[in-house]
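Take a look at the letters that make up each chain.
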Amino acid sequence: MYKRNLLLANSGIVLRFTDPSPMRFTQFILCGLLVLFAQRPVLTHAQILKTESGPWGEVEYYYTILEPPVSHFWPSLFDTETIWFLPGRSRGEVIQLMRSSGFSDDVLSQLLPDSYWQETPKGTRISPPLSVVGALSPAQRKTFYEYMEDVPDTTPWEKGFNLEGGDFRALAGDSLPEEVIALVEQVSYHRGNTLSVTDVPWLLSHIPDEEMQIDLLRCLSRTRVTMARLILHDDSDLEALADWWTTGTQNKSILPLLKDVQQTPYPHSIDLIHLLPATARQYVYTYLNPEDSALGQQFDCFWTSVNFFRNEPTDRVLDSLPMNFYLQDDFTRVEDSTNFGDLVIMIDKDRNSFVHSWVEIVDDIVYTKNGNSILQPWVLMKKSDMLSRYSD
């Protein structure tokens, strides 16, 4: 049985693991981390780009936008009440956090009524008025909302959207009127190259038209992804290319496929989808069925990464077991650069917690799923776009 490889980067030191199957795994220990083609592709004027050259061959790609079907919008997504919950904090401590985040005296005075507050054994819940939500500056919003990261049942976490590239106008195109785009810009803020839109209930409360609300959610849920293809030439070394795309042991049908492509009329090209293993090929550019999500199964980035090379995906990864349970017997250390199929895990060193995982494809293109939401598809995307979601 072959081993998977795992690459571990810790403070600049590269280590490697290996496991009993042909997948590699890379783990980045980072200090102080903060963080769509299924039914409806939204095409723009595509500019053809190229990756760096390497053992994978010559790869061209362009960007396009994926948008989930409206049937994926669950009813509570249309709620217009904003909820803030800060675990382990008293009302007095929350007010101090608000002050340190830059809340003005006028904003704090609007939060004086007890009806907005509920202290519980687990923390403090606030239902702020619309005037407070709309009055926050991007810096105040970003700073205060970081205290609610990863907190279930809060508006920023449960109903927020992170937009790669940071340009909502580009994603919206001509789908929304200028006044709605201006509202989005009022309550959004940048985190690196990502635009975070975390106050969707506030936005919906200012848009009484139901069809316009749906159009807004459609635009917010769009994701920029990468469409890529391998270019072959008459003198391409197919065996060398196949060695990359099979990792030496997997996808053994790749070489005959490349030979067939090379015999087609020039230019010879093949979409990268056809070079992926069966499970990834089945899921990429699709969305999770809401019925599967309703069962409480977490089809997230880790499930996606671990199942990359499996002909039949295992749902054992959905069990509530420590991550190391799935890695300790299956991965072995290595010490070189990443290859096709390497599984990469990002860890927040300060919190000693899992952040995200993905699979290396070629150069800066990766295969992943950004979270377990049914609004997040399985994608090929630029690593820089993906990481913009998880870093400040």
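Everything numeric here is computed off the predicted structure, so don't read it as measured data. As a convention, each chain's residues are numbered from 1 in the sequence order in which they are written. Local features in this predicted model are restricted to residues whose pLDDT is 70 or higher, and side-chain atom pairs enter the listing and the counts only when it is 80 or higher, whereas totals over whole chains, interfaces and linings include all residues. With hydrogens and water set aside, each side-chain value is computed from the structure's full complement of heavy atoms.

**Student:** Break down the overall build of the chain for me, citing the residues and quoting the values.
**Tutor:** Segments assigned H or I by DSSP are reported as helices when at least four residues long, segments assigned E as strands when at least two residues long, and all are numbered from the N terminus. Looking only at helices and strands, the chain has 16 helices and 19 strands in total. We call a residue buried when its accessible area falls under 20% of the maximum for its residue type, exposed when it is over 50%, and partly exposed in between, using a 1.4 Å probe and counting protein chains only. Residues counted as buried form 52% of the 392 residues belonging to the chain. Note on areas: these come from Shrake-Rupley sampling with a 1.4 Å probe, and a residue is covered only by the protein chains present in the view. As displayed, the chain has an accessible area near 17800 Å², and 49% of this comes from carbon and sulfur atoms.

**Student:** Outline helix H7 (residues 178–186), supporting the account with residue identities and numerical values.
**Tutor:** Buried residues of H7: Val180, Ile181, Leu183 and Val184, and no others. An end-on view of H7 places all buried positions within 155 degrees of arc, on one side of the element. We call two residues contacting when some pair of their heavy atoms lies within 4.5 Å. Buried-residue contacts for H7 involve helix H6 (168–172), strand E11 (188–191), strand E12 (194–197), helix H8 (200–205) and helix H9 (210–220). The directions considered for the arc run from the helix axis to the C-beta atoms.

**Student:** Before we move on, can you summarise the sheet that holds E11 with the specific residues and values?
**Tutor:** In this analysis, strands are considered paired if DSSP registers two or more bridges between them. In space, the three strands of this open sheet follow the order E10-E12-E11, with antiparallel pairing throughout. The open sheet is flanked by strand E10 (161–164) and E11, the only strands paired with a single partner. On average, each strand axis in the sheet is tilted by 30 degrees relative to the strand beside it, whichever way the strands run. Sheet analysis places E11 next to E12, joined by four bridges and oriented antiparallel. Bridging from a neighbouring strand, Tyr189 pairs with Ser196 of E12. The axes used here are C-alpha line fits, helices contributing only the stretch in contact, and every angle between their N-to-C directions lies in the interval 0 to 180 degrees.

**Student:** Explain the pattern of salt bridges to me, using residue names and the numbers behind them.
**Tutor:** The working definition used for a salt bridge is a side-chain nitrogen of Lys or Arg within 4 Å of a carboxyl oxygen of Asp or Glu. Summed over the entire model, instances satisfying the criterion amount to 15 salt bridges. Across the salt bridge formed by Arg222 and Glu67, the nearest N and O atoms sit 2.7 Å from each other. With Arg222 in the loop between H9 and strand E13 (223–232) and Glu67 in strand E6 (residues 58–67), the pair connects residues that are 155 residues apart, well separated along the chain. Note that Asp114 is salt-bridged to Arg91, the shortest N-O span being 2.8 Å.

**Student:** Describe the environment of Tyr62, listing the residues and the values that go with them.
**Tutor:** You can see Tyr62 is positioned in strand E6. A residue is classified by how much of its surface remains accessible, and Tyr62, at 23% relative accessible area, is partly exposed. Note: C-alpha distance between Tyr62 and Gln47 (15 residues apart in sequence) is 5.9 Å.

**Student:** Break down the nonpolar core for me, citing the residues and quoting the values.
**Tutor:** Trp245, Leu272, Ile361 and Tyr367 are the most contacted members of the largest nonpolar core, which has 50 residues in total. Discounting residues that sit within four places of it in the chain, Tyr367 has contacts with Ala280, Tyr283, Val284, Thr304, Phe308, Trp358, Val359, Ile361, Trp378, Val379 and Leu380. With 44 residues, the next largest nonpolar core counts Ile65, Phe73, Val107 and Leu217 among its residues. We call a set of buried Ala, Val, Leu, Ile, Met, Phe, Trp, Tyr and Cys residues a nonpolar core when their side-chain atoms join them within 4.5 Å.

**Student:** Account for the side chain of Glu164, with residues named and values stated.
**Tutor:** Inspection of the secondary structure puts Glu164 in strand E10. Overall, the relative accessible area of 4% leaves Glu164 in the buried class. Pairs of N or O atoms are called polar contacts if they sit within 3.5 Å, as long as, within protein, a hydrogen donor faces a hydrogen acceptor (for residues adjacent in sequence, only side-chain-to-side-chain pairs). A polar atom in the side chain of Glu164 sits 2.5 Å from the side chain of Arg389. In this structure, Glu164 is in contact with Asn193, Thr194, Thr223, Arg224, Asn370, Met381, Asp385, Ser388 and Arg389, ignoring residues within four places of it in sequence.

**Student:** An account of the packing of aromatic side chains is needed here, citing residue identities and associated values.
**Tutor:** Stacked, edge-to-face and tilted are the three classes for Phe, Tyr and Trp ring pairs, Trp counted by its six-membered ring, which pair at centre distances within 6.5 Å; planes under 30 degrees apart are stacked, over 60 edge-to-face, the rest tilted. Per the stated rule, a full pass over the model turns up 19 aromatic pairs. Pairing Trp84 with Tyr145 gives two aromatic rings, centres 5.9 Å apart and planes at 65 degrees, and the pair type is edge-to-face. Within this pair, whereas Trp84 is found in strand E7 (residues 84–87), its partner Tyr145 is found in helix H4 (residues 138–145), the two being separated by 61 residues in sequence. Judged by its relative accessible area of 3%, Tyr145 is buried.

**Student:** Tell me about the confidence of the model for the chain, and name the residues and values.
**Tutor:** On average, residues of the chain score 82 in pLDDT, and 79% of them reach the 70 mark or higher. This model gives residues 1–44 a pLDDT under 50, and the stretch forms 203 contacts once residues within four places in sequence are excluded. Per-residue confidence from the predictor is given as pLDDT, running between 0 and 100.

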